[in-house]
Amino acid sequence: MNLKIVKADLNRGIIKRKNLYIAILLVIVFLGIITVMMVENKIDSGRYNGQISLGDIILLFYKGSLIVNPNNVNSFYISEQYLFMSLCIIFAVGNYAQKDIYGIGMQVIVRCQKIKQWYLSKIIWCIVNSIAINIAIIVTLVILCLLSRYKLTFGIHEELLSLCGFEKITVSKTVETIFLIGVIIPFLSTMAIMIIQMVLSLVLSPVISILFVVTETVATVFSRSSIFLSNGLMCRRNANFYPNGTSSLGIMVCAIIEIAIALVVGYIYLNKIDMMSEKES
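Residues numbered from 1 in each chain as written. Predicted model: local features only at pLDDT ≥ 70, side-chain atom pairs only at ≥ 80, totals over all residues. Heavy atoms only, no water.

**Describing the overall build of the protein chain**
The helix and strand inventory of the protein chain stands at 11 helices and zero strands. Along the chain direction, N to C, the helices and strands of the protein chain fall in the order α-α-α-α-α-α-α-α-α-α-α. Across the protein chain, the fraction of contacts at a sequence separation of at least 24, relative to all contacts at a separation of at least 6, is 77%. About 13,500 Å² of surface is accessible on the protein chain, with carbon and sulfur atoms providing 67% of the total. (Helix = DSSP H or I, 4+ residues; strand = E, 2+ residues; numbered from the N terminus. Contact = heavy atoms within 4.5 Å. Areas by Shrake-Rupley, 256 points an atom, 1.4 Å probe, with all protein chains shown as cover.)

Listed below in structure tokens is the structure:
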């Protein structure tokens with residue numbers, strides 16, 4: 001693996017787009033504040049006077065919306081956190097990979113014959129993107145918890161979550177379970193969506209890739225199926241909180257399968273470009 005290609009991607013794809021990532025960070029902070037304000041509203045109204053933990057805040061940040069009945073248009077609702085997080089993912093990926101392949105990336109592929117390394121670098125870029133966004137979320141929520149004097153534990157409080165819209169609490173209170181639902185699954189879902197969007201922008205076009213993610217974001221509102229990866233960004237739909245909800249194992253398996261399919265499709269497409277460039281030379 002040529003680390004120069006990876007460093008160049010991180011430089012062009014993240015550092016030189018720093019204004020975009022600053023905007024994403026501000027959105028995350030804004031969404032975190034909204035989450036804390038929702039909890040404080042329950043306290044101020046006298047409806048809740050118990051303890052609050054980091055685990056509660058993480059689950060409420062990724063609360064999402066309940067499944068909408070297509071026959072009842074009035075029930076249509078997309079939570080602010082879910083909507084803005086989806087937009088952050090879309091803009092973070094953008095058209096960078098497609099723009100790069102017709103710029104410096106094409107030089108790497110044609111002149112240096114390093115198509116595999118160029119493609120692997122784009123995958124790493126997506127993973128780093130996902131890691132950065134999820135770390136920003138956790139750090140933001142930790143800081144807000146410290147400022148609000150909440151407990152920095154992953155224990156959850158059923159009464160608070162119920163007041164904030166969670167239908168039932170059957171989840172084990174172990175750190176591992178809350179960490180899986182509130183950290184691992186959102187990270188895996190984010191990474192999968194980013195990789196799929198990146199590949200679609202290469203194979204089809206950035207506009208179509210964005211339309212695909214937007215369509216998936218809206219369609220997820222109507223379905224709890226693990227095929228829709230955005231369900232991983234809505235903890236309230238997890239089977240531990242919603243009757244017949246989304247399975248944690250199911251969505252992780254679907255994310256891995258969809259990532260694998262996207263990577264294979266992208267690799268086949270880039271191989272065709274490589275073969276065409278060899279014929280022209």
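Text resumes after the structure shown.
**What to know about the nonpolar core**
Across soluble globular proteins, nonpolar side chains have a tendency to be buried as a group. Among the nonpolar cores identified, the biggest contains 76 residues, and Leu59, Ile137, Leu141 and Met198 are the most heavily contacted of them. If you list the elements that add at least two residues to this core, you get α2 (18–44), α3 (54–61), α4 (80–93), α5 (96–101), α7 (115–148), α8 (158–163), α9 (175–203) and α11 (248–280). Ignoring sequence-local partners within four residues, the contact set of Ile137 consists of Ile28, Phe61, Tyr62 and Met85. (Core = buried A, V, L, I, M, F, W, Y, C linked by side-chain atoms within 4.5 Å. Buried < 20%, exposed > 50% of the residue type's maximum accessible area, 1.4 Å probe, protein only.)

**What to know about the side chain of Ser53**
Locating Ser53 in the fold gives a position in the loop between α2 and α3. The exposure class assigned to Ser53 is buried, which follows from its relative accessible area of 0%. Setting aside chain neighbours within four positions, we find Ser53 in contact with Lys151, Thr153, Gly155, Ile156 and His157.

**Quick word on unusual backbone geometry**
Unlike most non-glycine residues, Arg149 shows phi in positive territory, near 65 degrees. Tracing the chain through its elements places Arg149 in the loop between α7 and α8.

**As for the packing of helix α1 (residues 3–13) against α7**
Between α1 and α7, the shortest axis-to-axis distance is 9 Å and the interhelical angle comes to 50 degrees. Classed by the angle they form, the pair α1 and α7 counts as oblique. In this structure, the crossing between α1 and α7 has a hand that is right-handed. Together, Ile5, Val6, Asp9, Leu10 and Gly13 of α1 and Gln117, Trp118, Ser121, Lys122, Ile124, Trp125 and Val128 of α7 make up the contact between the two elements. In the contact of α1 with α7, the residues fall into seven nonpolar, three polar and two charged. (Axes fitted to C-alpha atoms, helices over the stretch in contact; angles between N-to-C directions. Parallel < 35°, antiparallel > 145°, perpendicular 65-115°, else oblique. Left-handed = near helix turned anticlockwise from the far one by under 90°. Nonpolar A, V, L, I, M, F, W, Y, C, P; charged D, E, K, R; others polar.)

**Structural notes on the environment of Ile127**
Checked against the element boundaries, Ile127 lands in helix α7. By relative accessible area, Ile127 is classed as partly exposed at 27%. For the pair formed by Ile127 and Ile195, sequence separation is 68 residues and the distance between their alpha carbons is 8.0 Å. When near neighbours in sequence (up to four residues on either side) are disregarded, Ile127 contacts Phe187 and Met191.

Nothing here speaks to function; it is all geometry.
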